[in-house]
Amino acid sequence: MVDQPELSHKRAYTRIGLYRGNIVAIKLLHKRSIDITRNIRKELKQIREARHENLIPFIGACVDHGNLCVLTAYCARGSLEDVLANKDLHLDNMFVSSLVSDILKGMIYLHDSDIVSHGNFRSSNCLVDSRWVLQITDFGLHEFKAGQEEPDHEQKELRRQLWRAPELLRSPNPPPQGTQKGDVYSFGIVLYEIMGRNGPWGPVDISHEEIVERVRNLVDGRIFRPPTECLGIADYILRCMKSCWDEDPEQRPDIRYVRVKLKEMQAGLKPNIFDNMLAIMEKYAYNLEGLVQERTNQLMEEKKKTEALLHRMLPKTVAEALKRGDPVEAESFDCVTIYFSDIVGFTELSAISTPLQVVDLLNDLYTCCDSIISNYDVYKVETIGDAYMVVSGLPLRNGNRHAGEIASMALHLLKRIKRFEIRHQTGEQLRLRIGIHSGQCVAGVVGLKMPRYCLFGDTVNTASRMESSGEAFRIHISEATRNLLDLLGGYYCEERGLTPIKGKGEMWTYWLVGEDPACRLARLRGQTISSLVGNFSSDRFTGPETPDLLRHPTSTNILTTGDSTSESKAEIIHQLHIRAMKSYSKQQEVFPGLTASSSMLRIPSCGRNIANNCGRSHRSAPTITFQESPAALPGNYV
Ligand SMILES: Nc1nc2c(ncn2[C@@H]2O[C@H](COP(=O)(O)OP(=O)(O)OP(=O)(O)O)[C@@H](O)[C@H]2O)c(=O)[nH]1
Ligand SMILES: [Mg+2]
């Protein structure tokens, strides 16, 4: 055995040593030698046989002359007295009930064993191990320990008496092993200590001598016990405590019955503190998993929001490239169609409105426009005040379809804007002026801090000029766009003639006046099928018959190409097709101020277009033109 006095001073609560590789507690006996009598042998046998998880394991005893000591297992957390005195330690109900239950289990075992009773039961003789299991110590070996010359014996003895039952205090020759009823009394005091965490006698402001004296000799026939008023504990615990320290030993319950009385403390708890702690940790780990999941979801939500914001600022393909850290180089596009719109008289309207009313108006307007453009294969480039700029054909190329997508969108927007309500000026109409042009353009991301996807080239200027030289409630388009619409079919244009365009001289321009929505639907359907079977060709036009138009492409047709761009194109067209089908079905109603006919419409100035375009389409589909009123149109309708 190796003595470890230094260690004992640093962190152990008692003298400790190493025995066969284990830390053991060493209790020195203050006497020089011992005769190993029959009784002592009997005591040693009893204590060696006393094995219970709530009794300290006896390791051995040293009987060498001048070196008498008892070795027991070492409990890392010190005694219950130390634990209770540590105010940093919060002992919740689970801990308290577990400690109490451990004491009772140990005591029951002891009372049932040959040792019979403890005789010196107190909080310093309840040790707590590293796993928070309480183990009772300093029982038995009374003859072995007898005759010691303890330093400060009187002081120590006085302190021991604070837990001692009155009948034992009064006895001139109390048995060194005490009595079972005496142990129950001591348990009552320890229970008080646990509940109050203020020593064995709580806030009693008198000396230990006086306490012991008052317990020993009743004053005016009244018994003296620790004050219980300020404990604030459950009634059943208080009743049990009081019965344990009853003046009459016979009235005290035996230790088994005490356990029954305190059973309620154990409700819902596992038999020992370690299991309880494991249960808590499991619960905690489970909660933690939930918490991690919740936080991950929040993170994903935030990520989605950030991505949505990025996708609102930049085209999806560009945003994805930027996210991957790929360079986004400026790209030239052979042909795209650009839309500009502006509100005629917006400056005057702003002048008679408050800034907040203007903000509300623009917000309403753009919310409305944004919801419409989502039905088309277009990208909103920017809004500057009341100006709105949209493009189709980039960053994902879509053949010639861009002209049709912008034209259909423009007609849709115009129709909707005519019904738009200005919140602060009811009855007033927004006078939207639209210009469209198609041609070559370069697109790229500019800026690092607030990157923006911008378009460059003459096509942008011309499109803007188309808008500025147009008229309110009309869609002014260039010849280039008109030619593309001719190719696609289903769009009705009126010639405006030679129009002076600032910075460009005179240009042939047209008014886009209407469309046959079924043509776009047919186009989308044709292209959906082409793209899904891997034959995506934007220039190809398939014109199925009317009954097929409302048929959804069956999933059995789907054979993707494996190329992600083609797949995303296919997806876009597929979605557009679905939306167009829905809107086609809805368009059986006649819009106010618009002319609708279920038969073929003929507008003299665009008769050529109709003949050209609808020849490839289905003639039974309703045709809708967007004109102020039939009266405004020359010619006959059939
Ligand atoms: N950590 C630890 N501390 C112990 C152990 N045994 C005793 N102690 C500590 O040593 C202190 C003194 O113990 P003891 O020498 O038994 O003295 P006591 O318990 O106050 O008084 P008596 O038992 O009546 O002699 C206890 O209060 C504990 O803090 C042990 O096994 N482990
Ligand atoms: Mg002790």
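Here the structure is a predicted model, which means the values were calculated and not measured. (Residues numbered from 1 in each chain as written. Chains lettered and ligands numbered in written order. Predicted model: local features only at pLDDT ≥ 70, side-chain atom pairs only at ≥ 80, totals over all residues. Heavy atoms only, no water.)

Caption draft 1: Inspection of the environment of Met466 at higher detail. Here Met466 shows up in helix H17 (residues 458-468). In sequence terms Met466 and Ser478 are 12 residues apart; their C-alpha atoms lie 7.0 Å from each other. The residues contacting Met466, other than those within four sequence positions of it, are Ile434, Gly435, Ile436, His437, His476, Ile477, Ser478, Ile501, Met507 and Thr509. (Helix = DSSP H or I, 4+ residues; strand = E, 2+ residues; numbered from the N terminus. Contact = heavy atoms within 4.5 Å.)

Caption draft 2: Structural context of the coordination of the magnesium ion (ligand 2). For the magnesium ion (ligand 2), every protein donor is listed as Asn125 (OD1) and Asp138 (OD), and the spread of their distances is 1.8 to 1.9 Å. You can see Asn125 sitting in the loop between helix H4 (93-112) and strand E6 (126-128) and its partner Asp138 sitting in the loop between strand E7 (134-136) and helix H5 (142-145), a full 13 residues away along the chain. Neither residue differs from the other here; Asn125 and Asp138 are each classed as buried. (Donors = N, O, S within 2.8 Å, 3.2 Å for Na, K, Ca; no water. Buried < 20%, exposed > 50% of the residue type's maximum accessible area, 1.4 Å probe, protein only.)

Caption draft 3: The arrangement of the pattern of salt bridges in detail. Considering all chains together, one arrives at 30 salt bridges under this definition. For Asp486, the salt bridge is made with Arg482, and the minimal N-O distance between the two is 3.7 Å. Residue Asp486 and its partner Arg482 are both found in helix H18 (residues 479-488); the two are separated by four residues, about one turn of the helix. A relative accessible area of 6% means that Arg482 is categorised as buried. Ionic contacts of the salt-bridge type, sharing partners, join the residues Glu150, Glu157, Arg160 and Arg164 into one network. (Salt bridge = Lys/Arg side-chain N within 4 Å of Asp/Glu carboxyl O.)

Caption draft 4: Here's a closer look at the nonpolar core. Ile103, Phe187 and Leu262 are the most contacted members of the largest nonpolar core, which totals 71 residues. The greatest single-element share of this core, amounting to 10 residues, is contributed by H4. Not counting the four nearest positions on each side in its chain, Phe187 is found in contact with Val100, Ile103, Leu104, Phe121, Cys244, Ile255, Val258 and Leu262. Grouped together as the second largest cluster of nonpolar side chains are 41 residues, Ile372, Ile373, Leu432 and Ile477 included. (Core = buried A, V, L, I, M, F, W, Y, C linked by side-chain atoms within 4.5 Å.)

Caption draft 5: View of the site of ligand 1. If you check the shell around ligand 1, you find 17 residues, and the closest are Lys27, Cys75, Asp82, Asp138 and Arg160. Contacts to ligand 1 include Asn120, whose side-chain N or O atom sits 2.8 Å from an oxygen atom. In this structure, an oxygen atom belonging to ligand 1 sits 2.8 Å away from a side-chain N or O atom of Ser124. In the complex, 80% of the free accessible area of ligand 1, which totals 610 Å², lies under the protein chains. Grouping the constituent residues of the shell around ligand 1 by class yields six nonpolar, six polar and five charged. (Near = heavy atom within 4 Å. Polar contact = N/O pair within 3.5 Å; in protein donor to acceptor, adjacent residues only side chain to side chain. Areas by Shrake-Rupley, 256 points an atom, 1.4 Å probe, with all protein chains shown as cover. Nonpolar A, V, L, I, M, F, W, Y, C, P; charged D, E, K, R; others polar.)

Caption draft 6: Structural context of unusual backbone geometry. In the segment running from Leu394 into Pro395, the intervening peptide bond is cis, with an omega of -5°. Note on placement: Pro395 falls in the loop between strand E10 (387-392) and helix H16 (401-418). In this model, Val116 sits at a positive phi of 75°, which is unusual for a non-glycine residue. Following the sequence through the fold, Val116 ends up in the loop between H4 and E6. If you check the backbone angles, Arg197 has positive phi at about 50° while not being a glycine. Checked against the element boundaries, Arg197 lands in the loop between helix H8 (180-196) and helix H9 (208-216).

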